[in-house]
Amino acid sequence: MTVPCVSFRSQLKKRCLLYPQRSFSALKSATRTATPPSTSKASTTSGQASATTSSNASRKSSIKTKKKAKKALAATDSTEAQLKQIESMMNMANTSNLFPTMDMWGTKLVTLDVEIPRDASLRMLFTNPSAFWHATQHNFSNWLKNTFSMYTIAKARAFTGVNHDFRFSHLFLPRTWRQLGNVTSHSSASWLAPIRRIAMDNYLAIGRAIADKDEATLKALTTADHATKVNKIVRTRKPGEVWQWKVLSDVSDKALFQEKSSTIVSIRSGEVYVAKEPPKRGNRLVIHALVKFETTQELKVFTKQGQPVVAKSTEPHNVVEYLVLEKVGWYDNTWQVRDQIYK
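An account of the accompanying structure is given in this report. All residue numbers refer to position in the chain's written sequence, counted from 1. The predicted nature of this model means local features are confined to residues of pLDDT at least 70 and side-chain atom pairs, given and counted, to a pLDDT of 80 or more, with totals for whole chains, interfaces and linings taken over all residues. Only heavy atoms go into the side-chain values, all of them from the structure, while hydrogens and water stay out.

Examining unusual backbone geometry
Here's step 1: Positive phi, normally seen in glycine, also occurs at Arg-157, with a value near 55 degrees.
Here's step 2: The rule is simple: take the accessible area with a 1.4 Å probe, protein chains only, and divide by the maximum for that residue type; under 20% is buried, over 50% is exposed, in between is partly exposed. The class for Arg-157 is exposed, based on a relative accessible area of 54%.

This is the structure we're talking about:
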């Protein structure tokens, strides 16, 4: 059998065709373009970190944007509410003549910023200087507001029971400032003396009405909100009890204008009736006066059979109360108790 003779040259040519060799330049370029496994992992990790950082930043920015949007909405809502309130007031002013029997300005009001004076004795200056200065600032602020409110009332000639023709030139008189700057005066010549008399009379009438369950008197001498509070005391009382309430202090005119049984400690006034035309009666003001009542009281409780109910509350005791009295200038009614403030 004859074996074919294949030359070495032909074998080398065949091998080169089946397994082509790559040149050095080709290998070099392939090494540059190929990414090793470790490099790909590092790039993946760095990509994840950058993605996390960017997501956190976007989340914070979205939260800030939402907060700004909420603030803008709140500001817009408050502005719109104020504009609606002004618009409704203007409509009320323009249509007040169309409804002569309706009080367009008798809206529900909050209690004005009447304040109880703080104790600022000279002894406190040495024992507690910080509290002394805070009390002094508080009392001075209250005095300024009292004086300005007194001027507003005098200018509107709205002092109850005082026929005083106040003019701007009166501000240059010392006696005018003694009136404007001294709301706590117990003098019978004070512009607030008639109000103190009315306040004490109404205070006594309200106390007797609570004891007698006289809701009609309570309705006449208190505002709606305070009447609700007082009527709760009347209605939650035991049905079989009879109350007898009495003030043992001297509350006559002579004692009232000498002792401190009732003292006006703070007064505020504001022009609430803002229609173009003035009211048919009275003035445009709403006045709130904070009155301090300091009396000795006695409350006796009996059963229906007339037997006394023994209790500590039935013994005579000193009572200090701060009541806010209100006078609406265009109403033909008396001063009403609208709130009680606690020290």
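Examining helix α5 (residues 129–155)
Here's step 1: The end-to-end C-alpha distance of α5 is 39 Å, a good match for the 39 Å that 27 residues give at a rise of 1.5 Å each.
Here's step 2: Against the buried residues of α5 lie α4 (122–127), α6 (174–180), β2 (262–271) and β3 (285–303).
Here's step 3: Secondary structure elements follow DSSP: runs of H or I no shorter than four residues count as helices, runs of E no shorter than two count as strands, and numbering proceeds from the N terminus. Positive phi appears at Arg-157, one or two residues downstream of α5, with a value of about 55 degrees. The span expected for a helix works out to 1.5 Å for each residue beyond the first. Whether two residues are in contact is decided by their heavy atoms: any pair within 4.5 Å suffices.

So, the nonpolar core
Here's step 1: Joining through side-chain atoms within 4.5 Å is the link that ties buried Ala, Val, Leu, Ile, Met, Phe, Trp, Tyr and Cys residues into a set, and such a set is a nonpolar core. Residues Leu-192 and Ile-267 are the most contacted members of the largest nonpolar core, which totals 44 residues.
Here's step 2: Contributing elements (two or more residues each) for this core: α5, α7 (193–212), α8 (215–221), α9 (224–235), β1 (241–247), β2, β3 and β4 (317–328).
Here's step 3: The leading source of residues in this core is α7, at 10 residues.
Here's step 4: Apart from the residues lying within four places of it in its own chain, the contact partners of Ile-267 are Val-114, Lys-145, Asn-146, Ser-149, Met-150, Ile-153, Val-183, Leu-192, Ile-287, His-288 and Ala-289.

Focus on the packing of aromatic side chains
Here's step 1: Ring geometry is summarised as follows: Phe, Tyr and Trp rings, the Trp one being its six-membered ring, pair when their centres sit within 6.5 Å, and such pairs are stacked at plane angles under 30 degrees, edge-to-face over 60 and tilted between the two. Taken as a whole and judged by the stated rule, the model has nine aromatic pairs.
Here's step 2: Relative to Trp-245, the ring of Tyr-203 lies with its centre 6.4 Å away and its plane at 75 degrees, an arrangement referred to as edge-to-face. Of this pair, Tyr-203 sits in helix α7 while Trp-245 is found in strand β1, placing the two residues 42 residues apart along the sequence.
Here's step 3: With relative accessibility at 19%, the residue Trp-245 sits in the buried group.
Here's step 4: Grouping aromatic residues by their ring pairs yields a cluster made of Tyr-203, Trp-245 and Phe-293.
Here's step 5: Counted as over-ring charges are cases with an Arg CZ or a Lys NZ within 6 Å of the ring centre that also lie within 35 degrees of the ring normal. The ring of Trp-243 has Arg-237 lying over it, and the distance from NZ or CZ to the ring centre is 4.2 Å.

Description of a nonpolar patch on the surface
Here's step 1: In this scheme, patches are assembled from residues that exceed 30% relative accessible area and form no salt bridge. Like charges are connected within 9 Å, while nonpolar side chains (Val, Leu, Ile, Met, Phe, Trp, Tyr) are connected within 5 Å. A 1.4 Å probe and the Shrake-Rupley method give the accessible areas. Residues count as covered only by the protein chains that appear here. Whenever a carboxyl oxygen of Asp or Glu lies within 4 Å of a side-chain nitrogen of Lys or Arg, that contact is scored as a salt bridge. Together, Phe-140, Trp-143 and Leu-144 make up a nonpolar patch on the protein surface, roughly 310 Å² of accessible area in all.
Here's step 2: By the secondary structure assignment, Phe-140 is in helix α5.

Comments concerning the environment of Tyr-203
Here's step 1: The class for Tyr-203 is buried, based on a relative accessible area of 8%.
Here's step 2: In this structure, Tyr-203 is in contact with Trp-245, Phe-293, Thr-295, Gln-297, Val-319, Glu-321 and Leu-323, ignoring residues within four places of it in sequence.
Here's step 3: Of note is the side chain of Tyr-203, whose polar atom sits 2.7 Å from the side chain of Gln-297. Any pair of N or O atoms that falls within 3.5 Å is considered a polar contact. Within protein, one atom must be able to donate a hydrogen and the other to accept it, and sequence-neighbouring residues count only if both atoms are side-chain atoms.

Thoughts on the pattern of salt bridges
Here's step 1: In this structure the tally under the stated criterion is 10 salt bridges.
Here's step 2: The salt bridge involving Arg-268 is made with Glu-115; its shortest N-O contact spans 3.6 Å. Separated by 153 residues along the polypeptide, Arg-268 in strand β2 and Glu-115 in the loop between α3 (37–95) and α4 bring together distant segments of the chain. In this structure, Arg-268 and Glu-115 share a single accessibility class: buried.
Here's step 3: The network of salt bridges with common partners includes Asp-113, Glu-115, Lys-145 and Arg-268.

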